[in-house]
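These are the residues of each chain, in order.
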Amino acid sequence: PAVSLSTNSMHLGAVPYGETRTKLFSIHNASAEPAVFQFTPLPSLGVGEGGDGGVHASSGAGVFVVTPPSGTVPPRSTRYINVEFRPGEAMNFHKRLFCLFQSQVTQYIDLVGSCYTDRRRPAPLYMRHVLQYYTRKETSSTTHLTHLPPEQLEEHLAASTGPSLPDTTQPAETNNNEEEKVAQRTSSQVLDEYFYKNTHTGSKPAPASDGEVRITTKEVEIVEDGIDFGPCSRTAHPEPRYIHVINRSKGRVTCVWGASLAAYSMKNDVALPRPDTESVFTVVPPITDIDPGATFTFRVYFKPRFNHQFYSTSLEAFISYKTLRNFRLVVDRAVSPPWCISTTASGHTFEPGSDEFLPHVSLQCKRLHFQACQVGHAVAQTIMLTNTGETSLRWRLQDAAALGHPSEHRDETLPPFAFEPSRGTLQRGEFQLIVVKFTPSRDILYKQTFMCILNNSLANTMPIQLKGLGSLPRMKFSSQGRVYFRPTSVGAVSTRTYRIHNTSRIPVSFNWRVPERFQSLITLAPGAGVLRGNEDIDIACTFTPNKSKSYQMKVPCACAAVPPETLMLPYAPATAPRPDEALPVMIYAEALAGVVTMEPALLEFGQVLIGSSARRELVLHNPTPTHVRYLIRYQQDQILHNQLNSDLYDDEETGDEESIPEGASSDLDESTPREARRRPSPVLQISPSRGTIPPQSRISVWVRLSPRFQESCTFSITCDIQNEATGEIMSGGPTGTSPRVEVVGGGAYPVVQVSDVKCADVGKSIIWRRFSLDKLNRELVLPLTPYERKLLAGRTSTPELEDDNIPAFTLDFGGGGVGTPNRRVQVRFSNPGALPVEWRLLFRHELHSYAKREAWHDGGMGLEGVSSGTGGIPGVYLNESEREERQLIDSKVFSMRPRSGCLEPGGAALVEFSHAHLTAGLDEVPVLLLLENGKQVRLKLRGHTTTPTEPYLHFNTNYHVFSSVPIGETHAPIQVYPLHNEGEVGLNFTIDTDAMEQLNKENFDFPIVQCLTKSGYIAPRETLYTQWQCTPLEVKRYAVNIPIRVEGGGSAVIRMRVTGHHPRPTRALSASVAAARSEWDHTIPEQSLAQGPLGWLSLERMCLGHMPVNTRLTRVVVLHSGSRRISFEWSSVPLPGCGSVSVHPSSGTLAPGQYVLCRIEFTIGQSPHIAQVDLPCKVYSVDKSKPEKDVGRARRGPKEDAQGEGTDKQEMLAYNYGIQGVLPPLHSRITPAHNNAAPTSPQKDKLPSLRRTDIDKGPEPDQTTLYITVQLHSHAPDHFGEDSDVFFPPVSSGMSPDGLGAFSQQLVSKAGAMVPFAPHQTSTGM
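Calculation rules
- Residues numbered from 1 in each chain as written.
- Predicted model: local features only at pLDDT ≥ 70, side-chain atom pairs only at ≥ 80, totals over all residues.
- Heavy atoms only, no water.
- Helix = DSSP H or I, 4+ residues; strand = E, 2+ residues; numbered from the N terminus.
- Contact = heavy atoms within 4.5 Å.
- Areas by Shrake-Rupley, 256 points an atom, 1.4 Å probe, with all protein chains shown as cover.
- Pairing = 2+ DSSP bridges.
- Axes fitted to C-alpha atoms, helices over the stretch in contact; angles between N-to-C directions.
- Buried < 20%, exposed > 50% of the residue type's maximum accessible area, 1.4 Å probe, protein only.
- Core = buried A, V, L, I, M, F, W, Y, C linked by side-chain atoms within 4.5 Å.
- Polar contact = N/O pair within 3.5 Å; in protein donor to acceptor, adjacent residues only side chain to side chain.
- Salt bridge = Lys/Arg side-chain N within 4 Å of Asp/Glu carboxyl O.
- pLDDT = per-residue confidence, 0-100.

(A) View of the overall build of the protein. Scanning the protein from terminus to terminus reveals 15 helices and 81 strands. Considering only residue pairs separated by 6 or more positions, the protein has 78% of its internal contacts joining residues 24 or more positions apart. If you sum the accessible surface of the protein, you get close to 59400 Å²; carbon and sulfur atoms cover 50% of it.

Below, the structure is given as structure tokens:
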């Protein structure tokens, strides 16, 4: 059972003479079994029953009285023990009381108390003094400090230079809870003290001449182990017996018998007998002094009071130095506790021979088998002897050999088995716990029989058979104590396992003692441990070399028996082994330098879809004959943001702006740019990043790139050799440097760009702005917003076309009369990225169907197969606007073809957007442009249809930004603002300048903004360029709302804006010519990427740059014919400032597949101006013959021809081509408001009465208009100064008429088959 005492010490304090003091402690039983306990030794008087059957109780004796002295603690309960302190002399008292438990180790409690009188007060005694005494006892075996009296001890401590002892100089008032300060003793120490308690620690058995074991001590001792008076008469007192006490200390001591003080009273320090008290056993004298080295003889008297009784008691003596009886004679640190020694006294009043009546006893165990015990150590067990009869009895244990029985170990110097106690008296119902100790002196099996003799009669005996095994620690190693390692690389770890076996029957501890020079190379695990009898364990021997070398290492293993419950006795038998025995193990190992190489030297991932991952294989090669522990690390060398995302925001004013009501402030702040998003680098994972490569082997390591943001990165991967034990990194390359592999890759989303646009009757620059293609391109290359990433991850429902989280752009077709041909706009979508792009154009009613197919992962049917009927989605209610939108789609007022596709990197596809002019009114249909795993944008298709008599002035946007002008400019340039008449009738317009005049008035009546064309007439389907002059006074932005009214039509308010900037030095202009041209649109492609059936121009945008006034410039453009015979005619367009444009030849005819070089002469007017005008060239079909396939095939390349086989229209071809540039990013994105975008049109007719027109299979056009957008900025001559050579390149640049030959070859290099131009085939010569 798990039994424990609440404390191992108890201080009962100082008690006045004649008084008592009581304290409690407890015994706690934490087990599920009852615990039997018994305290010993107790000097209680044992009395039996009389022959008359009466019971005669006797009073307890002794200084410390424990109640109850024995008993049982129930399971999981606590029992309290009462300790009564009854001193009979003014002195200090100390006693170690042992508590025996059945089937449990012996425990103890130290009892300390003091008694004083008015005339005598001993030195205070505390628990720390007890601890100090035992410390001296164990540490001063050669100096015998405990033999010194206090005065000599003080002198020795003052002069001692040895190890310091516990500090006991603190005052007594500070020592609270002293009972907690006594150090705990081990169970083996307690067992040894219990067997030799008369001498405390340091005692040892010594054999006597008669074979009895006597006790020797170092300070004081009792010679007699016990005295027996034998049979006595109650009336005739026997002769006294004698007890001899030897004082071996060097000081005078006082001996006080605690049990005998009750029969005496102290008077003037003299013990006088009490006439009213008569003790059975009395020691005379009860108190006396003994000189150093002297022996004193005490007389013991036996005075029984009843017949037919057994008497037995423990005689207890307290011995202390005489000087300790007065606190003035001793210092605190020299105080020591008194010694408590005892012996037994017994006798009986039975007549000779009449005490041999039949006893009734119960012995718990008659056969004891001890566990194997190391030679020289001891183990113990507890047995219980119980008197179950109705009479008292005497018992004693004696070796059977002494009674004539054979013995196997009569030659032993000391008996292997011992009992404590070995004799005693049991009253009716009492029990006695007996501790049996086994102490082998040889490694053999011991067998011995003891006889328990009852009532001194050999006829009443009980045999007890004891058996124990003495053993010595023995260990055995496998492989004959040799360990061999395979060749190991420097820094790697090699492990071998071998086994050690405990061949003995006792627990053996082992401890590896690796020499210091090998501790960094060899590790053994476990390094220490305990093996039970006949148990084995595997030892892992780890070799971690730090340099190339062959090793032979001898490692000893210290083996020793594990000390059992008891402490080894002070003597050591001759056959006992050494405490530690070293068994060597030889270790043989070889270390080599490790080498690792990596292949390939470059890992290219390319662009990886964000949110996904790609992996590449990296091969590691170990060419050495050893295992190599590798560690792969990487670092990010460079982050390159995707070129499509670089410089997302420029300083141009390209954002849309909402219409500003009249009366608003004219000073506007810059629109807030979109904040750049911080993007962590892509994640690079290497698996496994560390491991071991077998000798001369290759392993594969996977490098995985999982980009999370749009950027390109470069990583460096290095492979090092790692010391597995210390983690130290070493070079793994054959040349002393770590091998390195470059990793190049990045993350990207699928992206598309609009690279070209073409409309038969509208200039490219105009339709580019109407379709908001600059803003659309900038949005398509922006990183995905958090909302868009949620859409891709499926955490958000299907997007709606009214969702403001998705950007919206307007595709404005302009206007047209009812019944006029459909306006077809061909838009080229290109894939400038490195990932294939799947794109779709979805109407509103197709969003749910697409989401449903995505949920079921059904990709087999394209969007062309999606039903567009008016049935709608079952269960979905359509409001009035949605029904009108659905009718527009069903009537094909707006159409798109194709509506889905896949673009490989570098590929392109033509998509035709068409608007049919069926009924008058404004048509609007929203469309979602969806890129798989990419962006989503809303496209609002808008077109206006007018009646034959309705004037219609079309505005691209509700604002206009003039080019910035330097302040202080004496010759402010004239700038133009185009007005487009999209109606079928001419119109008159008027520009209201009241707000402009108010702005000038507020600026000191200075003409900040002037309108030079306040009214005019615009012919049907024509464009008029109104002229404006801006002269800012300050470096700021000016803005004014200008109403423009149409006679008989309506009005619109356009917000005009101009910015004044600080004038730049002319030399700064020469250093930034390219930057100076940024005022024009350079995102519009110069060359045509779409070739129509009637013909096309080699250039569609011509930027003349900066030039002085009154100059003439010449440029060349190539006009190609298509698959039909055509005639062309150039229209003259006036330039601001009385300038003009002329083309030579101005008209002519071309056969299919031919081309003509057209020279364009620009005459710059007298006044500076900034202009962007469209130069039209009308092309007519001369005959209606079927297009010649051979000519078309000769004009196209082989790749283009293969892609055009399955399409019935040349302009719908989708083919791949190389990307030549990157679109600049968008500075800001503002969705325009079109409240005042166009004159008010009549209400749209009822949609159910619409007549469906077949626009899909119409005839090829008989005429078309090709446009060249001309951009120029003229200055006064003094504007250039000495930098005229910068703005006017020499003739060799290829821009003058003399250099037309080289330039024409450059222009027509992509024209396919070259057909010589015949002058007679044109109406006007070159």
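(B) Representation of the sheet that holds strand S54 (residues 753-759) in the model. Taken in spatial order, the four strands line up as S54-S56-S60-S58 in an open sheet, and their pairing is antiparallel. Edge strands, defined here as strands with exactly one partner in the open sheet, are S54 and strand S58 (894-897). The mean angle between the axes of side-by-side strands here comes to 20°, regardless of whether they run parallel or antiparallel. Relative to strand S60 (residues 908-915), strand S56 (residues 823-830) is paired through eight bridges, and the arrangement is antiparallel. Across the sheet, Arg-824 pairs through a bridge with Ser-914, a residue of S60.

(C) Structural view of unusual backbone geometry. Cis geometry is found at the peptide bond from Thr-67 to Pro-68, where omega equals -10°. Structurally, Pro-68 is set in the loop between strand S6 (64-67) and strand S7 (70-73). We note that His-308 has phi near 50°; this positive angle belongs to a residue other than glycine. On the basis of relative accessibility, which here comes to 34%, the residue His-308 falls in the partly exposed class. A positive phi angle, near 60°, is found at Phe-1004, a position not held by glycine. Along the chain, Phe-1004 falls in the loop between helix H9 (994-1002) and strand S68 (1009-1011).

(D) Representation of the nonpolar core. Counting residues in hydrophobic clusters, the biggest one holds 41 residues, and the most contacted among them are Phe-829, Leu-841, Phe-913 and Leu-939. Residue contributions to this core peak at four residues, all from strand S61 (residues 921-931). The residues contacting Leu-939, other than those within four sequence positions of it, are Leu-776, Phe-809, Leu-811, Leu-841, Val-925, Pro-926, Val-927 and Leu-929. Within the second largest apolar cluster, 40 residues are counted, among which are Leu-157, Val-330, Trp-339 and Ile-341.

(E) Seen up close, the sheet that holds strand S8 (residues 77-85). Strand order in the open sheet formed by four strands is S1-S3-S8-S6, and the pairing between neighbours is antiparallel. Single-partner strands in this sheet number two, and they are strand S1 (3-5) and S6. The mean angle between the axes of side-by-side strands here comes to 25°, regardless of whether they run parallel or antiparallel. When strand S3 (residues 21-29) meets S8, the two strands line up antiparallel, connected through nine bridges. Counted as the bridge partner of Lys-23 is Val-83 from S8.

(F) Layout of the side chain of His-94. Positionally, His-94 belongs in strand S9 (residues 92-101). Residue classification places His-94 among the buried positions, given a relative accessible area of 3%. Only 3.1 Å separates the side chain of His-94 from the side chain of Asp-110, close enough to count as a polar contact. In this view, His-94 contacts Asp-110, Leu-111, Val-112, Val-130, Tyr-134, Phe-318, Pro-337, Pro-338 and Cys-340; residues no more than four positions away in its chain are not counted.

(G) View of the pattern of salt bridges. Tallied over the entire structure, the rule returns 37 salt bridges. For Glu-912, the salt bridge is made with Arg-824, and the minimal N-O distance between the two is 2.7 Å. Here Glu-912 is found in strand S60, whereas its partner Arg-824 is found in strand S56, with 88 residues between them in sequence. Note on Arg-824: relative accessible area 24%, which makes it partly exposed. Taking the shortest distance from any N to any O, the salt bridge between Glu-984 and Arg-1021 comes out at 3.7 Å. Taken together, the positions of Glu-984 in the loop between strand S66 (974-981) and strand S67 (987-991) and Arg-1021 in the loop between strand S69 (1015-1018) and strand S70 (1023-1030) put the pair 37 residues apart, joining distant regions of the chain. Assessed through its relative accessible area of 32%, Glu-984 is described here as partly exposed.

(H) View of the confidence of the model for the protein. This prediction gives the protein a mean pLDDT of 76; 73% of its residues lie at or above 70. Here residues 163-182 scores under 50 on pLDDT; set against residues more than four positions off or in separate chains, the count is 37 contacts. The low-confidence segment residues 565-579, where pLDDT is below 50, has 32 contacts with residues more than four positions distant or belonging to other chains.

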